[in-house]
Amino acid sequence: MAKKRDYYEVLGVERTAGEEELKKAYRRLAMKHHPDRNAGNREAEEKFKEAKEAYDTLSDSRKRAAYDQFGHAGVEGAAAGGPGGFGGGPGFGGLGDIFEGVFGDIFGGARGGERIFRGADLRYDLELDLEQAVAGTTIKIRVPKLVRCENCGGSGAKQGTSPVSCPSCGGMGQVRMQQGFFTVQQTCPQCRGAGRVVTDPCTTCRGAGRLRDTRTISVKVPSGVDSGDRIRLTGEGEAGESGGPPGDMYVHVIVKDHPIFVRDGTHLHCEVPISFVTAAIGGELEIPTLDGRVKLKIPPETQSGRQFRLRGRGVRSVRTSSKGDLICRVMVETPVNLSRQQKDTLREFEKSLSTGSQGQSPRSASFFEGVRKFFDHLTGSA
């Protein structure tokens, strides 16, 4: 098990640091390493928990005194070492609880002695056609979520009344419990940390301050988005508790498969079938692009699998002004359902090739020459 680092070293402060200096140091580290900013980064998550544990200990005068005298042994089990509730599924719920008292106006903080909780963030998976993703569009979506009760303004109290200070915690939202040498601070079970209780609840929301409703939201999709891109809609998440600010909504883009094109970043790929005759003697084809139809010139003696690049016919990047290319891969199509006359004609054609120049089928000649040498080698080695 790794040895714990000194809490002062973790926060990067001197042992004489005051409350404000501790708070600034923790704020800087928490903003840098918070899991919501470092998705999937295990190292950042551990540093975030380490900083939170250090701050929770040193910001409490009793814990700090015990730590200064006995080190980690003096606060074993008392420091907060958990993740702080940043998981919360798609909504990332819990940000307000983590930073309460540290970030204040960012997540609601305290107002008149009461705690205010920021609403949960929401996730919405938005499926788009390739054409919509490339050109950009505006789409209206319907989202079920918790919204502020208009009747009570989110307070939960009946019109004409207001919530009162919690009698259990005196409006602090926390209660202290003595456990031997230490005093443990816990969330007040009566007000659940809000610091207020509703004695005369709103008849519409029954004191919750929020209602479940379905809202229509307009999402502006910028041109060039791709699967995995995320659009943030500030304030479109769930309403906060106790009249707290709403969370945000994160719209995750999913681009559906296209019947013709395959997207690769800003480039588009497509397969174009051509006839044997066109491949042999050349020709001109009309092919589709996202901007309309264009002519593609096929040179004589084109082999199946050859690629042609049409510059600037791809997708414009959502982050830059650069535009990708359309890459067409031609595939020589073998004719089917041939008549007897057509088959006879092909046999005559094949016969003419076998009696003609050896250079008319260079790949076949090379292949069979390689086969002959291979078997000669086997026979010789035997």
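From a predicted model like this one, the values you see are computed outputs, not experimental measurements.

Novice: Explain the overall build of the protein residue by residue, including any values.
Specialist: Looking only at helices and strands, the protein has nine helices and 17 strands in total. Residues classed as buried in the protein amount to 37% of the 382 residues present. For the protein, the share of sequence-separated contacts (at least 6 apart) that also reach a separation of at least 24 residues comes to 62%. By element, 49% of the accessible surface of the protein is carried by carbon and sulfur atoms, the whole surface being about 23,200 Å².

Novice: Could you give an account of the confidence of the model for the protein, naming the residues involved and the relevant values?
Specialist: For the protein, per-residue confidence averages 82 on the pLDDT scale, and residues scoring 70 or more make up 83% of the total. Summarising per-element confidence for the protein, the mean pLDDT is lowest in helix α5 (residues 95-99) (39) and highest in strand β16 (residues 307-310) (96). Confidence over residues 78-113 falls short of pLDDT 50; this stretch has 84 contacts with residues more than four positions distant or in other chains.

Novice: Provide a residue-level description of the environment of Gly-240, including the pertinent values.
Specialist: Relative to the helices and strands, Gly-240 resides in the loop between β10 (230-233) and β11 (249-255). For the pair Gly-240 and Val-147, spaced 93 residues apart in the sequence, the C-alpha separation amounts to 8.3 Å. The contacts of Gly-240, once residues within four sequence positions are left out, are Phe-117, Arg-118, Gly-119, Arg-210, Pro-245 and Pro-246.

Novice: Any chance you could break down unusual backbone geometry for me, citing the residues and the numbers?
Specialist: Of note, the phi angle at Glu-301 is positive, near 65°, even though the residue is not glycine. Inspection of the secondary structure puts Glu-301 in the loop between β15 (292-298) and β16.

Novice: Now, about the sheet that holds strand β12 (residues 262-264): what can you tell me, with residues and values included?
Specialist: In a beta sheet, neighbouring strands are held together by backbone hydrogen bonds and run either parallel or antiparallel to one another. An order of β12-β13-β17-β16 is seen for the four strands of this open sheet, with the pairing classed as mixed. Edge positions in the open sheet fall to β12 and β16, since each of these has one partner strand only. On average, adjacent strands in this sheet sit at an angle of 30° to one another, irrespective of strand direction.

Novice: For the sheet that holds β11, give the residues involved together with the corresponding values.
Specialist: Taken together, the three strands give an open sheet; going across it, the order is β3-β11-β10, and neighbouring strands pair in mixed fashion. Of all strands in the sheet, those with a lone pairing partner are β3 (122-128) and β10, marking the two edges. When strand polarity is set aside, the average angle formed by the axes of neighbouring strands in this sheet is 25°. Relative to β11, β10 is paired through four bridges, and the arrangement is antiparallel.

Novice: Hey, could you go over the pattern of salt bridges for me, with residue numbers and the actual values?
Specialist: Across all of its chains, the model carries 26 salt bridges by this definition. Lys-256 is the salt-bridge partner of Asp-129, the closest N and O atoms lying 3.1 Å from each other. Here Asp-129 is found in the loop between β3 and α6 (130-135), whereas its partner Lys-256 is found in the loop between β11 and β12, with 127 residues between them in sequence. Take Asp-129: its relative accessible area is 33%, and that puts it in the partly exposed class. Take Lys-256: its relative accessible area is 38%, and that puts it in the partly exposed class.

Novice: Quick rundown of the side chain of Asn-38? Include the residues and the values.
Specialist: Position of Asn-38 among the secondary structure elements: in the loop between α2 (19-33) and α3 (42-58). Within the structure, the side chain of Asn-38 is placed 3.1 Å from the backbone oxygen of Lys-32, a separation counted as a polar contact. Polar side-chain contacts of Asn-38 include one of 3.0 Å to the backbone oxygen of His-34. Setting aside residues up to four positions removed in sequence, Asn-38 forms contacts with Lys-32, His-33 and Ala-44.

Novice: Lay out the packing of aromatic side chains in plain terms, naming residues and giving numbers.
Specialist: Each aromatic ring pair is summarised here by two numbers: the centre-to-centre distance and the angle between the ring planes. Scanning all chains against the criterion turns up four aromatic pairs. Taking 6.2 Å as the distance between ring centres and 45° as the angle between the ring planes, the aromatic pair formed by Tyr-8 and Tyr-67 counts as tilted. Linking Tyr-8 in helix α1 (residues 7-11) with Tyr-67 in helix α4 (residues 61-70), this pair joins segments that are 59 residues apart in sequence. When sorted by exposure, Tyr-8 lands in the same class as Tyr-67, which is buried.

Novice: Any chance you could break down the packing of α2 against α3 for me, citing the residues and the numbers?
Specialist: Interhelical geometry of α2 versus α3 gives an angle of 160° and a closest axis separation of 9 Å. Between α2 and α3, the crossing angle belongs to the class labelled roughly antiparallel. Remark: the crossing between α2 and α3 carries left-handed chirality. Contact residues: α2 offers Leu-22, Lys-23, Tyr-26, Leu-29, Ala-30 and His-33, while α3 offers Ala-44, Glu-45, Lys-47, Phe-48, Ala-51, Lys-52, Tyr-55 and Leu-58.

Novice: Mind laying out the packing of α3 against α4, listing which residues take part and the relevant values?
Specialist: α4 packs onto α3 with a crossing angle of 105° between their chain directions and a minimal axis gap of 6 Å. Relative to α4, the element α3 is oriented roughly perpendicular. Contacts between α3 and α4 involve Asp-56, Thr-57 and Leu-58 on the former and, on the latter, Lys-63, Arg-64 and Tyr-67.

Novice: I'd love a proper account of α4, names of residues and values included.
Specialist: When α4 is considered as a whole, its buried residues turn out to be Lys-63, Arg-64, Ala-66 and Tyr-67. Across the axial projection of α4, the buried residues extend over an arc of 165°, all falling on one side. Turned more than 90 degrees off the buried face of α4, the exposed positions are Ser-61, Arg-62 and Gln-69. Looking at the packing, one finds that the buried side of α4 touches α1, α2, α3 and β7 (182-187). Residue Asp-60 occupies the N-cap position of α4, its side-chain oxygen lying 3.0 Å from the main-chain nitrogen of Arg-62. Following α4 by one or two positions, Gly-71 has its phi on the positive side, about 75°.

Here is what the cut-offs are and how they apply
Residues numbered from 1 in each chain as written. Predicted model: local features only at pLDDT ≥ 70, side-chain atom pairs only at ≥ 80, totals over all residues. Heavy atoms only, no water. Helix = DSSP H or I, 4+ residues; strand = E, 2+ residues; numbered from the N terminus. Buried < 20%, exposed > 50% of the residue type's maximum accessible area, 1.4 Å probe, protein only. Contact = heavy atoms within 4.5 Å. Areas by Shrake-Rupley, 256 points an atom, 1.4 Å probe, with all protein chains shown as cover. pLDDT = per-residue confidence, 0-100. Pairing = 2+ DSSP bridges. Axes fitted to C-alpha atoms, helices over the stretch in contact; angles between N-to-C directions. Salt bridge = Lys/Arg side-chain N within 4 Å of Asp/Glu carboxyl O. Polar contact = N/O pair within 3.5 Å; in protein donor to acceptor, adjacent residues only side chain to side chain. Phe/Tyr/Trp six-rings, centres within 6.5 Å; stacked < 30°, edge-to-face > 60°. Parallel < 35°, antiparallel > 145°, perpendicular 65-115°, else oblique. Left-handed = near helix turned anticlockwise from the far one by under 90°. Arc of directions from axis to C-beta.

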